[in-house]
Amino acid sequence: DVKVTQSSRYLVKRTGEKVFLECVQDMDHENMFWYRQDPGLGLRLIYFSYDVKMKEKGDIPEGYSVSREKKERFSLILESASTNQTSMYLCASVEGPGQPTYEQYFGPGTRLTVT
Amino acid sequence: RKEVEQDPGPFNVPEGATVAFNCTYSNSASQSFFWYRQDCRKEPKLLMSVYSSGNEDGRFTAQLNRASQYISLLIRDSKLSDSATYLCVVWGDYKLSFGAGTTVTVRA
């Protein structure tokens, strides 16, 4: 059974703080993704990675960076948190190379509030 | 224009009813289509893939209309446990695009 875990379910940070969101999957998946989910907007892709040390920008990468030093771990970094980054952050992983037409397995999400 | 558009609902239906809703997508080159289900405060999970010829999975039927660029989901004999938000997901241009979701509430 695939398991994707995220370091925190709820997080409250102050404007300007550096924020790390960690995601770990235990199924040796190659592809990992970070999304944010906001009411009325659906899930929007921030960054994704299809291999260790590889990263690609998604639709809304501004204000974010990522790190993938190990295959099972994909970190999302907010260099200087802002209030408009208050959101639900979801990590996902999927097996297989290239096109992720397989099921994406999501973590439980981290609800980040920036005050 | 959003890449994937859904009627947000909510669709409030009694147990046993049939409920159906659509999703439209803007990229005519989209290749694969899915419905994901998301329960309140939970992560999305794959409900079913959508194939060109249409497909069923128990009480759930998915249809794809490439000419009009929409996919549909029909739920027969609704159960209380079907209450959730249903996300339309489209693969194209090397990425998945998610709709904002259609909320379905099944009442006793």
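About the thresholds
- Residues numbered from 1 in each chain as written.
- Chains lettered and ligands numbered in written order.
- Predicted model: local features only at pLDDT ≥ 70, side-chain atom pairs only at ≥ 80, totals over all residues.
- Heavy atoms only, no water.
- Disulfide = S-S within 2.5 Å.
- Helix = DSSP H or I, 4+ residues; strand = E, 2+ residues; numbered from the N terminus.
- Buried < 20%, exposed > 50% of the residue type's maximum accessible area, 1.4 Å probe, protein only.
- Contact = heavy atoms within 4.5 Å.
- Buried area = accessible area lost by both parts, 1.4 Å probe.
- Polar contact = N/O pair within 3.5 Å; in protein donor to acceptor, adjacent residues only side chain to side chain.
- Nonpolar A, V, L, I, M, F, W, Y, C, P; charged D, E, K, R; others polar.
- Core = buried A, V, L, I, M, F, W, Y, C linked by side-chain atoms within 4.5 Å.
- Salt bridge = Lys/Arg side-chain N within 4 Å of Asp/Glu carboxyl O.
- Pairing = 2+ DSSP bridges.
- Axes fitted to C-alpha atoms, helices over the stretch in contact; angles between N-to-C directions.

Below, the discussion takes up the state of the cysteines. Residues and elements named next belong to chain B. Going through the model one piece at a time under the given rule, you end up with two disulfides over all chains. The disulfide partner of Cys 23 is Cys 88, and the S-S distance across this bridge is 1.9 Å. Between Cys 23 and Cys 88, the disulfide has an S-S torsion of -55° and is therefore left-handed. Note that Cys 23 is positioned in strand 3 (residues 19-25) and Cys 88 in strand 9 (residues 84-92), a separation of 65 residues in sequence. The class of Cys 88 is buried, set by a relative accessible area of 0%.

What follows deals with the interface of chain B and chain A. The partner chain A presents 18 residues to the 17 residues of chain B that form the contact. Counting each side, the surface lost to burial between chain B and chain A is near 1,600 Å², with a carbon and sulfur contribution of 57%. It is Glu43(B), Trp91(B) and Phe98(B) in chain B that bury the most area against chain A; as a group they hold 29% of the surface buried on that side. Summed over the shared surface of chain B and chain A, the number is three residue pairs in polar contact (both at pLDDT 80 or more). Elements with a minimum of two residues in the side of chain B that touches chain A: strand 4 (32-38), strand 9 and strand 10 (95-98) of chain B. If one sorts the elements of the side of chain B that touches chain A by residue count, strand 4 of chain B sits on top with four residues. Taken together, the residues of the side of chain B that touches chain A break down into nine nonpolar, four polar and four charged.

Phe21(B), Trp35(B), Ile71(B) and Tyr86(B) are the most contacted members of the largest nonpolar core, which has 23 residues in total. Only strand 3, strand 4, strand 5 (45-50), strand 7 (60-65), strand 8 (70-75), strand 9 and strand 11 (102-107) of chain B provide two or more residues apiece to this core. In this structure, Leu11(A), Cys23(A), Ile60(A) and Phe74(A) belong to the second largest nonpolar core, which totals 20 residues.

The subject of this paragraph is the pattern of salt bridges. Counting across every chain of the model gives 10 salt bridges over all chains. The closest approach of N and O atoms between Arg59(B) and Asp82(B), which form a salt bridge, is 2.7 Å. Of this pair, Arg59(B) sits in the loop between strand 6 (55-57) and strand 7 while Asp82(B) sits in the loop between strand 8 and strand 9, and the two are 23 residues apart along the sequence. Among the residues examined, Asp82(B) registers a relative accessible area of 3% and is labelled buried. Bridged by salt links that share partners, the residues Arg36(A), Asp38(A) and Arg44(A) form one connected network.

This paragraph deals with the sheet that holds strand 3 (residues 19-25) of chain A. All names here are of chain A. Spatial strand order, 1-3-8-7: four strands in an open sheet with antiparallel pairing. Each end of this open sheet is capped by a strand with a single partner; those strands are strand 1 (4-6) and strand 7 (64-70). Each neighbouring strand pair of the sheet contributes to a mean axis angle of 20°, computed without reference to strand direction. Here strand 7 runs beside strand 8 (residues 73-78); their pairing, made up of five bridges, is antiparallel. Counted as the bridge partner of Ser 65 is Ile 77 from strand 8.

Glancing now at unusual backbone geometry. All names here are of chain B. Following Gly 9, the chain continues into Pro 10 via a peptide bond in cis, with omega recorded as 5°. For Pro 10, the position within the fold is in the loop between strand 1 (4-6) and strand 2 (11-14). A positive phi angle, near 60°, is found at Arg 41, a position not held by glycine. By secondary structure assignment, the location of Arg 41 is in the loop between strand 4 and strand 5. Overall, the relative accessible area of 62% leaves Arg 41 in the exposed class.

Nothing here speaks to function; it is all geometry.
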